[in-house]
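Geometric and topological summary
What follows is the residue order along each chain.
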Amino acid sequence: MSGDREHPQRNRAAGERDEILGAALRSLEVPAHRPRFHAELRARLGTAVPEPDTTRPDGPARPDWNPPPRGRARHRLRWTIGLAAAAAVALAAAVAVPLSVNAPASAAAIARHAAATARTGAGLPPFELTEVTTTAPAGFQPEPPPPRVTQHIEYTGPSRWRDESIITEPSREGTQTITQIRNGPLIASVAAGRVTITRAAGRGEVPLAAWQGAALRKLAAAGSAGRCAPSVSLGGNGPLIDGRATLVLRAGPSPCPSADMPQANGPATYWLDKQTLLVLRAVLHGPGNRISQTIRVTYLRYHPTFPASTFRLPKPSPKPAACPPVTSLPDLAALRNALGSPPLIPASLPDRLQVGPIAAQPTSGTGTAGRCKITAFTITYRNPAGHPAVQLYEAPRASPAVRFPGRAVTIRPGLTGTLSAGTGGWAILWWNQDGRYCALQSGGITAGVHLTRVPAAVLIQIAASMRR
Amino acid sequence: MASASGANERTGEEASKRGDRAAGQKPEEMAVETHLLARARTGDLEAFVQLIGLHDRALRALAYRLLEDPQQMDDALQEAYLKAFRSLGGFEGRSAFGSWLHRIVYNVCMDQLRQRSSGGRYLSLADADDMPDPMPDPGEVAAQRLDLAAALASLPPKMRATVLLVDAEGMDYQTAAQVLAVPVGTVRSRLSQARGLLRRALSEDKRGHDRS
C-alpha cells in the first residue's frame, strides 16, 4: 500500500478511496442519547467539583478518583459488580503487609491489612457470617446506595463462596434477593429467577467487599500514605461481638472529600476481629457529621461445615437478546399494540399540548431467549407553537432510571410524586403508579430534544390525568 | 518511499477545508468554544454542557463504535464528561479542546473494554471451557460481505479508533496520535491496515449487491 503513494496518480486514487471510505464511515448510524441522558449528566455535574489537574498539563484527564456509579446502573447485577469494582479500585493502592496482630503494629498498617483482608480474603479461614449494612443517602448520588443489605456469606476461600444478599431498594420500592456463588473461575448470579454465569476477573473479590464500598474505601485510605489519607488511631480493646474479641480503630475525616461516595468523607470507627481483622462493626459519618453507613455482624462462625451442594452452580438462563436501541412509533394506537400491557397515558392535556414523537425502548425479556419486548417509552408533547415542551417517560417500576431527589408533591389524593428542578431550568416530576415508573420532564435537554419550560402545575395536572 | 507521510496524510489545513470540527474549526466556532470554555472553567454547568454539545456527535460515534452498545456509550460519555469537567483546570489549551475531549472519551472507552475483556462476559456453563475466539478475523468477516459497520466492529478497538478519528472525523495524523497517545508512525500503520480491510469489506459488499 505504501508503494501506491509514490505515484502521483495512484496517490490521487488512494486519496479518493480514503474520501469514499470516510464518507461511508460518517454515514454510519449513531444512536441518540437515551432519554434523560442530559438530565442525569447535569445532576452528576452538579455534584462534581472542578479540580485542577496540574500533574499532567494538557494531557488526558485521568484524575485520581474512583469512577462514580454509572448513571443508570441501578441494576441488581451492576450494583454488585459496580460496588465491588469501586471497592477494588479503592483498595488497589493498599498493599497487604504480613502482620502479626499480637506484635505491635501501627494503626495504618492494621487499617491496610483489614482492607486487604476484606477485599481478597487473604489469611481468612473458612467462615459463615451474617451482617447488616445500612447506608444513608449523603447528598445526591446518581445511583443511590441501597439503604439496607442483609448479607449471608458462606466462605471457604477466595474462589469458593456463596453470598445471599437481601437488598432494600433505594426508593424503598421493596426488597430483592441476589445470590452469588463463586466456584473456581465462574460466578453464578441469581436475581429475579434469572441465572447469569460470568467468568471471575482475576483472583476476584470476596463478597465482603460488595456492599461495604464506603467503609472499605475509608479503611484503605486510612492505611495509605498519600496526601488524602485520613488520620488513624487505635482505640484499644472493644466489646465482644458474637464471642469474638475486637480491636477499635478510628479514622478521621477525609482530607480529600469524595463527591461520588460522600459516605466516606467524615470520621469512622471500626471494630475489628482481633484475630483475623475482619470488620465486625463499623460506623461511618458523612456530610454534616451524620451517620452515613453502619456495618453490624450478627452471626460469625469460623471453620463451619458446609453441605456439598452449597457451592454448586445452577444452570444458566438463556442469554438475553440484543435489542435495537430505540424504535419510533407513529401514534398512541401503535404504542398500545406494541406494549404487553396497556400504558398509562394522560387522559387530558392542559395548555393545548399535543402528542408529538413517540419512541419505545425494546428490552430483552427474562423468559424466552431471543425475544425483545417494549416495556419503556417516551412521548414528547408539543406546545401550540409546535415546540417540544414536555416529555413523558414510562417504564416498569423496577426500571433502573435515576430517581431524582426533590420535594414530595400530591398529584391527586392517594398518589404522591417527587418534583425536582435543576439549575438548567429543567423540572422532573416522577412517581410510581400501577406498577409503572412515570416521569414528566419540562425544560432542558432529554434524548437530544430541547424542551421548552412549562409550569410545574402543568406537569402535576398531566400526571393527575394518567389512566390506562 | 518518497514521503514518509504520503499523499494521503491530512494536514490540519486540509481537514479544515472539509469543515471537520475535530481537525480544524472555523474562527466563529473557535470563538464560541473559547467563550464557553472560559465560562465552564468558572464552574458554569450550562456552558460546559453547551461546550461538549459542540463535539457530542463525533464523541458519540467514537464511543458507540468502540463499545457497540448504546447504553454503554452513554455511560462512558457521562463518565468522560464528568472527568473532563473535573479536570478543566488542568487543560491549558496547548491542544485543541476537542482533541483533549476525544482523548478522555477514548481512554474511558478503552478502560471499559479492558474491564469487559477481563470479566463479566456472559457465557454458558457448557461453553465455559470451550470459548471461541472473541475477535473474528477482520479479513474473514469482510470476505463474508458483512456490511461496513460489521467490518468496522471486527477491527481491534485501537485500529477502529484510528480509522474513525482520521477518516471519519478528518483529524490530521498528529492530532490523532495525541488522542491515541501513540507515535504518528503507529497511526499510519494502523490506518493502513484498517483502510485495507475496510475497503475490502466495501468492495465485497458492493459486488454482493451488484450480483443480487
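1. What about the overall build of chain B?
In terms of helices and strands, chain B carries 11 helices and 0 strands. Reading chain B from its N end, one meets helices and strands in the order α-α-α-α-α-α-α-α-α-α-α. The 212 residues of chain B split such that 53% are buried. Contacts in chain B between residues at least 24 apart in sequence constitute 67% of all its contacts with a sequence separation of at least 6.

2. So, the overall build of chain A
The secondary structure content of chain A amounts to 7 helices and 23 strands. A total of 468 residues make up chain A; the buried ones form 53% of that total. In chain A, of all internal contacts separated by at least 6 residues, the share reaching a separation of at least 24 is 59%.

3. Quick notes on the pairing of strand β1 (residues 127–135) of chain A
Residues and elements named next belong to chain A. In terms of residue burial, β1 counts as a mostly covered element, since 8 of its 9 residues are buried. When β1 meets strand β11 (residues 291–302), the two strands line up antiparallel, connected through 9 bridges. Paired with Thr-134 across the bridge in β11 is Thr-294. Bridge analysis of β1 against strand β2 (residues 148–157) gives 8 bridges, and the strand direction is antiparallel. Each residue of the ladder has a partner; that of Thr-130, found in β2, is His-152.

4. Things to note about the nonpolar core
If you look at the biggest cluster of nonpolar residues, it comprises 65 residues, and the most contacted ones within it are Leu-25 of chain A together with Phe-48, Val-163 and Leu-198 of chain B. Sorting elements by how many residues they give to this core places helix α6 (residues 97–117) of chain B first, with 10 residues. Excluding residues that lie within four positions of it along the chain, Leu-198 of chain B makes contacts with Leu-21 and Leu-25 of chain A together with Leu-148, Ala-151, Leu-152, Leu-155 and Val-163 of chain B. Formed by 31 residues, the second largest nonpolar core is a distinct cluster that contains Leu-329, Ile-379, Ala-427 and Leu-459 of chain A.

5. What about the packing of helix α9 (residues 157–168) of chain B against helix α10 (residues 173–180) of chain B?
All names here are of chain B. Running from amino to carboxyl end, α9 crosses α10 at an angle of 145 degrees, the nearest separation of the two axes being 10 Å. With respect to the hand of their crossing, α9 and α10 are arranged in right-handed fashion. Residues Ala-161, Thr-162, Leu-165 and Val-166 of α9 touch α10, and the partners they reach there are Tyr-173, Ala-176, Val-179 and Leu-180. For the contact of α9 with α10, a count of residues per class yields 7 nonpolar, 1 polar and no charged.

6. A closer look at the state of the cysteines
Residues and elements named next belong to chain A. Taken as a whole, this structure holds 1 disulfide over all chains when the rule is applied. Here Cys-228 connects covalently by a disulfide to Cys-256, the sulfurs 1.9 Å from one another. For the disulfide bridge between Cys-228 and Cys-256, the dihedral angle about the S-S bond is near -85 degrees, and by the sign convention the bridge is left-handed. Within this pair, whereas Cys-228 is found in the loop between α5 (213–223) and β7 (232–241), its partner Cys-256 is found in the loop between β8 (244–251) and β9 (268–273), the two being separated by 28 residues in sequence. Among the residues examined, Cys-228 registers a relative accessible area of 32% and is labelled partly exposed.

7. Points about the packing of aromatic side chains
All names here are of chain A. Evaluation of the coordinates by the stated rule reveals 6 aromatic pairs over all chains. Arranged with centres 6.2 Å apart and planes meeting at 70 degrees, the rings of Tyr-393 and Tyr-437 form a pair that is edge-to-face. Highlighted residues: Tyr-393 in strand β16 (residues 388–396) and Tyr-437 in strand β20 (residues 436–442), separated in sequence by 44 residues. By relative accessible area, which is 8% here, Tyr-393 ends up buried. Judged by relative accessible area, which is 1%, Tyr-437 ranks as buried. Members of the aromatic cluster, each reached through a chain of ring pairs, are Tyr-393, Trp-430 and Tyr-437.

8. Quick notes on the sheet that holds strand β10 (residues 279–285) of chain A
Residues and elements named next belong to chain A. Here 11 strands make up an open sheet; going across it, the order is β6-β5-β4-β3-β2-β1-β11-β10-β9-β8-β7 and the pairing antiparallel. Looking at which strands have only one partner, the edges of the open sheet turn out to be β6 (194–199) and β7. Strand-to-strand, the axes of this sheet are offset by a mean angle of 15 degrees, without reference to chain direction. Against the sheet, helix α4 (residues 107–120) touches β2, β7, β8 and β9, its axis set at about 55 degrees to β7.

9. A word on the pattern of salt bridges
Residue and element names in this part refer to chain A. In this structure the tally under the stated criterion is 8 salt bridges over all chains. Put simply, Arg-301 and Asp-242 hold a salt bridge, and the shortest N to O gap is 2.9 Å. Of this pair, Arg-301 sits in strand β11 while Asp-242 sits in the loop between β7 and β8, and the two are 59 residues apart along the sequence. For Arg-301, a relative accessible area of 37% translates into the label partly exposed. Judged by its relative accessible area of 33%, Asp-242 falls in the partly exposed class.

Basis of the calculations
- Residues numbered from 1 in each chain as written.
- Chains lettered and ligands numbered in written order.
- Predicted model: local features only at pLDDT ≥ 70, side-chain atom pairs only at ≥ 80, totals over all residues.
- Heavy atoms only, no water.
- Helix = DSSP H or I, 4+ residues; strand = E, 2+ residues; numbered from the N terminus.
- Buried < 20%, exposed > 50% of the residue type's maximum accessible area, 1.4 Å probe, protein only.
- Contact = heavy atoms within 4.5 Å.
- Pairing = 2+ DSSP bridges.
- Core = buried A, V, L, I, M, F, W, Y, C linked by side-chain atoms within 4.5 Å.
- Axes fitted to C-alpha atoms, helices over the stretch in contact; angles between N-to-C directions.
- Left-handed = near helix turned anticlockwise from the far one by under 90°.
- Nonpolar A, V, L, I, M, F, W, Y, C, P; charged D, E, K, R; others polar.
- Disulfide = S-S within 2.5 Å.
- Phe/Tyr/Trp six-rings, centres within 6.5 Å; stacked < 30°, edge-to-face > 60°.
- Salt bridge = Lys/Arg side-chain N within 4 Å of Asp/Glu carboxyl O.

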